[in-house]
Amino acid sequence: QNYLDNFWPDLKAAHELFDSIVQARRERESESQENHGKEYPEHLPTEILEAGIKSGRYLQGTLNVNKHRAQLEAFVRLQGFGSKDTG
């Protein structure tokens, strides 16, 4: 802010961009505080997921992502199943 005020006081677009960035950062920080420091909100509470896994409604597995082609290749290995049943 000081840099813009001192060296570019007449550059309105830069000041508007700076204000926009500050506002977005404040909103992200307030959302983070609402989510107890988690970047993304959980879809379901942990208790519901654990109960669903125990009852068989949900399956638990491990997500494996190809580090070289992360956008294209990934699979989930389900716990308790052999490698033939990996989906």
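Report follows, based on the coordinates. All values reported here derive from a predicted model rather than from experimental measurement. (Residues numbered from 1 in each chain as written. Predicted model: local features only at pLDDT ≥ 70, side-chain atom pairs only at ≥ 80, totals over all residues. Heavy atoms only, no water.)

1. Considerations on the overall build of the chain
Next, step 1: Counting secondary structure elements, the chain contains 3 helices and 2 strands.
Next, step 2: Put simply, 0% of the contacts in the chain that link residues at least 6 apart link residues at least 24 apart. (Helix = DSSP H or I, 4+ residues; strand = E, 2+ residues; numbered from the N terminus. Contact = heavy atoms within 4.5 Å.)

2. Regarding the side chain of His15
Next, step 1: As for its position among the elements, His15 is in helix α2 (residues 12-34).
Next, step 2: Here the side chain of His15 touches Trp8 through a polar contact of 2.9 Å, landing on its backbone oxygen.
Next, step 3: When residues no more than four places from it in sequence are discounted, the contact partners of His15 are Gln1, Leu4, Asp5, Trp8 and Pro9. (Polar contact = N/O pair within 3.5 Å; in protein donor to acceptor, adjacent residues only side chain to side chain.)

3. Here we look at the packing of aromatic side chains
Next, step 1: Summed over all chains, the structure comprises 1 aromatic pair.
Next, step 2: Note on Tyr3 and Phe7: the rings are 5.2 Å apart at their centroids and 40° apart in plane angle, and the pair reads as tilted. With Tyr3 and Phe7 both in helix α1 (residues 2-7) and 4 residues apart, this pair spans about one turn of that helix. Exposure class is identical for Tyr3 and Phe7. Each is exposed. (Phe/Tyr/Trp six-rings, centres within 6.5 Å; stacked < 30°, edge-to-face > 60°. Buried < 20%, exposed > 50% of the residue type's maximum accessible area, 1.4 Å probe, protein only.)

4. Here we look at the pattern of salt bridges
Two side chains with opposite charge may pair up if their charged atoms get near one another.
Next, step 1: Evaluated as defined, the whole model comprises 3 salt bridges.
Next, step 2: One salt bridge connects Glu73 with Arg69, and the closest N-O pair in it is separated by 2.7 Å. (Salt bridge = Lys/Arg side-chain N within 4 Å of Asp/Glu carboxyl O.)

5. As for the environment of Gln79
Next, step 1: Following the sequence through the fold, Gln79 ends up in the segment after β2 (74-78).
Next, step 2: Residue class for Gln79 comes out partly exposed when judged on its relative accessible area of 46%.
Next, step 3: On a C-alpha basis, the gap between Gln79 and Thr62 in space is 7.5 Å, while along the polypeptide they are 17 residues apart.
Next, step 4: The residues contacting Gln79, other than those within four sequence positions of it, are Gln60, Gly61 and Thr62.

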